[in-house]
Amino acid sequence: MSLFIHKPGIQALIQDRGRVGYRHLGIPESGPMDIHSFELAQLLCGNTGQEALVEFTLHGAHIELEKASVIALTGGGATATINNKKIDFNTTHSVEKGDHLKLLASEFGCRTYLAIQGGLKINAELGSCSTYTPAQLGGIEGRALKKGDRIEFNTGANKKSAINNMQINIDNPALEKNEIAIRCHKGPEWEWFDNATQSQLVKENWRISPQSNRMGYQLQGSPLLLKEKTELISTAVMPGIIQVTPSGMPIILGADAQTIGGYPRIARVHTPDMSILGQCRPGILLRFQLLDK
Amino acid sequence: MALFRWYPIHELAVTIELDMQISPLALEKISLLKQLVKEEFSNSLCDLVPAYTSLTLCFKKEHSWKSYVHKIEMLISKAETTPPLIQKNKKIISKIPVCYELNFAIDLLNLSAQLKLSTEKIINLHLQQIYIVYAVGFIPGFPYMGEVLNELNVPRKVIPTPRIPAGSVAIANNQTGIYPFEVPGGWHVIGRTPLSLFDKTRDPLCLLEPGDQVQFFPISKSEFENWA
């Protein structure tokens, strides 16, 4: 039996750990924007971590469970109810056939992970169930979930394998604050910017623009200008790289980002902080802390 | 003389970069380097991403690049002293149809004003060259091709276009490329091809791969619409 989508909310995407080994064809890994919350949701349900689950962006989702199972919600960006009764994140819930799960607006965070014991039954494409909408890969028909979708889930997993009656919280500042510090390293083109611009990167309060998505976080602030106009020969980029566009505005690459880029890479996010970034919603103020001297 | 330098771009990725401009020689040196990396690093890598003048080694999650510094440096000196491979079998030239009509060539008029060249001249200059595919990336199946004639050399747009239609043929700097899907992009669109650059049900997935040669030929709007 299955999950029935009454409303997907702002965005709902099926994700597993991602599609590894296709960057040379231009296919990004995709996978969760907040890997820590993803792993926790799987762990709570007693899953191996390889299963597919749903990543919701912010609020608005309404899901009906068409069979009893065990679920866990992690991350943030919403508060949750089952049959209109508020439920906790970061713990397991036994759900019954006909239960209605809703995600309502909340103040902090950006992405909620819904794991179900045994995982969702989705056909992998190029080795992964992760949805990558530009090339219509993974998920259901390679698209975001929509009203009327029914997603089967695996059963037969042992109910006892779930971590019951325990709440495990992750320390993620983006789940409780609007001003967030992100650690970073110097990027390959760090020296293309003069000292004043380099210190501006770390002094500025960067606002996350509403145009941000899983491909990248567009930041707003005073423009970062190059020492001299130089064109970078397009080369490989990875999630977490902070590139500076010709307008001087930085973009932090996300899980669905391009594999090759031609903008100077001033810095890169310290990988463990990518989960913090994955919970930052548009409007949040970011500050960068440089780890290298 | 050091031809290559290397640097990390991620906890799990290192780029080896050639100190050269885009050229067929650079492509040969990068393919040679790729061959050497494949021989030396079979089990620790999950991907190998070539670009115009660089090769990026993506390590598996349990392998930090930090334990491979010595090996990377050995490999670089080997690549610097090995003569480039001689291309034995000449590559076939892929012929790609492009409709240059204005409703597809959304940036052609602006470009004509910017470059002070007629639209016909721009199209002819674009059709004159045989291009080499230097890399595939950015989005699935996007071929980075060079080199565009100097007269057409124009920087990327300052503000990217929010939605570039699938199949759009575009130029920027000395490069030309084709957008396989509708995405935002900063290159100048001068035409559109009816061919599918990426197809998840096809083997190979991508129409073009690094090392391929490409020649464009013009088609009319009705030919475009009836292309099988």
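These numbers come from a predicted model, not from an experiment.

To continue, consider the overall build of chain B. Along the backbone of chain B there are five helices and 13 strands. When contacts within chain B are restricted to residue pairs at least 6 apart in sequence, long-range pairs at least 24 apart make up 60% of them.

Of regular secondary structure, chain A possesses three helices and 20 strands. Relative to the 2.2 N^0.38 estimate, which gives 19 Å for 293 residues, the radius of gyration of chain A is 20 Å and therefore close to what a compact globule would have. Across its three principal axes, chain A shows a C-alpha extent of roughly 65 × 40 × 30 Å. The buried share of chain A, reckoned over its 293 residues, is 53%. Taking contacts inside chain A between residues at least 6 apart in sequence as the whole, the part at least 24 apart equals 76%.

All names here are of chain A. The domain boundaries assigned to chain A delineate domain 1 (2-170) and domain 2 (175-290). Inter-centroid distance (C-alpha atoms) of domain 1 to domain 2 is 28 Å. Each partner contributes residues to the interface: domain 1 has 20 residues there, and domain 2 has 13 residues. In terms of residue count, the dominant contributor to the side of domain 1 that touches domain 2 is helix α1 (residues 35-45) (three residues). A class-by-class count of the residues in the side of domain 1 that touches domain 2 yields seven nonpolar, nine polar and four charged.

Another point: the interface of chain A and chain B. At the interface, 28 residues of chain A touch 38 residues of chain B. A breakdown of the residues in the side of chain A that touches chain B according to their chemical character gives 13 nonpolar, eleven polar and four charged.

Along the chain, the position of glutamate 96 of chain A falls in the loop between β8 (92-95) and β9 (100-105). On a C-alpha basis, the gap between glutamate 96 of chain A and leucine 65 of chain A in space is 7.1 Å, while along the polypeptide they are 31 residues apart.

All right, on to the pairing of strand β10 (residues 175-178) of chain B then. Residues and elements named next belong to chain B. Side chains of β10 alternate between two faces, with Gln175 and Gly177 and Thr176 and Ile178 buried alike. Pairing of strand β9 (residues 168-172) with β10, which is carried by four bridges, proceeds in the antiparallel orientation. Following the sheet pairing, isoleucine 171 is matched in β10 by threonine 176. Linking β9 back to β10 in an antiparallel pair, the connection comprises two residues, with asparagine 173 at a positive phi of about 50°.

With that settled, the discussion passes to the sheet that holds strand β2 (residues 11-15) of chain A. All names here are of chain A. Within the open sheet, the five strands sit side by side as β2-β3-β10-β5-β8. Their pairing is antiparallel. Both edges of this open sheet fall to β2 and β8, since each of them pairs with a single strand only. Taking each pair of neighbouring strands and ignoring which way they run, the sheet shows an average axis angle of 25°. Bridge analysis of β2 against strand β3 (residues 53-57) gives five bridges, and the strand direction is antiparallel. Opposite glutamine 11, over in β3, you have threonine 57 as the bridge partner.

Before going further, it helps to examine the environment of lysine 66 of chain B. Along the polypeptide, lysine 66 of chain B turns up in the loop between β4 (54-59) and α2 (69-81). Expressed as a C-alpha distance, the spacing of lysine 66 of chain B and phenylalanine 198 of chain B, which sit 132 residues apart in the sequence, is 35 Å.

Residue and element names in this part refer to chain B. Taken in spatial order, the seven strands line up as β5-β13-β6-β7-β10-β9-β12 in an open sheet, and their pairing is mixed. Strand pairing shows two members of the sheet lacking a second neighbour, β5 (93-98) and β12 (188-192), which therefore form its edges. With strand direction ignored, the average angle separating the axes of adjacent strands in the sheet is 35°. Two strands pair when backbone bridges link them, and strand β7 (residues 143-146) and β10 are joined in this way by two bridges, in the antiparallel orientation. By the bridge assignment, glycine 146 is partnered in β10 with glutamine 175.

With that out of the way, let us pick up the nonpolar core. Residues Ala41 and Ala115 of chain A are the most contacted members of the largest nonpolar core, which totals 144 residues. The biggest single contributor to this core is strand β6 (residues 131-136) of chain B, with six residues.

Residue and element names in this part refer to chain B. Domain annotation for chain B reports domain 1 (4-81) and domain 2 (93-225). Computed over C-alpha atoms only, the centres of domain 1 and domain 2 are separated by 28 Å. Listed as interface residues are eight residues of domain 1 and, on the opposing side, ten residues of domain 2. Contributions of two or more residues to the side of domain 1 that touches domain 2 are made by α1 (24-40) and β3 (45-50). Broken down by element, the side of domain 1 that touches domain 2 gets its largest block of residues, three residues, from α1. When the residues that make up the side of domain 1 that touches domain 2 are grouped by side-chain class, the tally is seven nonpolar, one polar and no charged.

Thresholds, definitions, all that
- Residues numbered from 1 in each chain as written.
- Chains lettered and ligands numbered in written order.
- Predicted model: local features only at pLDDT ≥ 70, side-chain atom pairs only at ≥ 80, totals over all residues.
- Helix = DSSP H or I, 4+ residues; strand = E, 2+ residues; numbered from the N terminus.
- Contact = placed C-beta atoms within 7 Å.
- Rg over C-alpha atoms; globule rule 2.2 N^0.38 Å.
- Buried ≥ 20, exposed ≤ 12 C-beta atoms within 10 Å, placed from the backbone.
- Domains from an automatic or database assignment.
- Nonpolar A, V, L, I, M, F, W, Y, C, P; charged D, E, K, R; others polar.
- Pairing = 2+ DSSP bridges.
- Axes fitted to C-alpha atoms, helices over the stretch in contact; angles between N-to-C directions.
- Core = buried A, V, L, I, M, F, W, Y, C linked by C-beta atoms within 7 Å.

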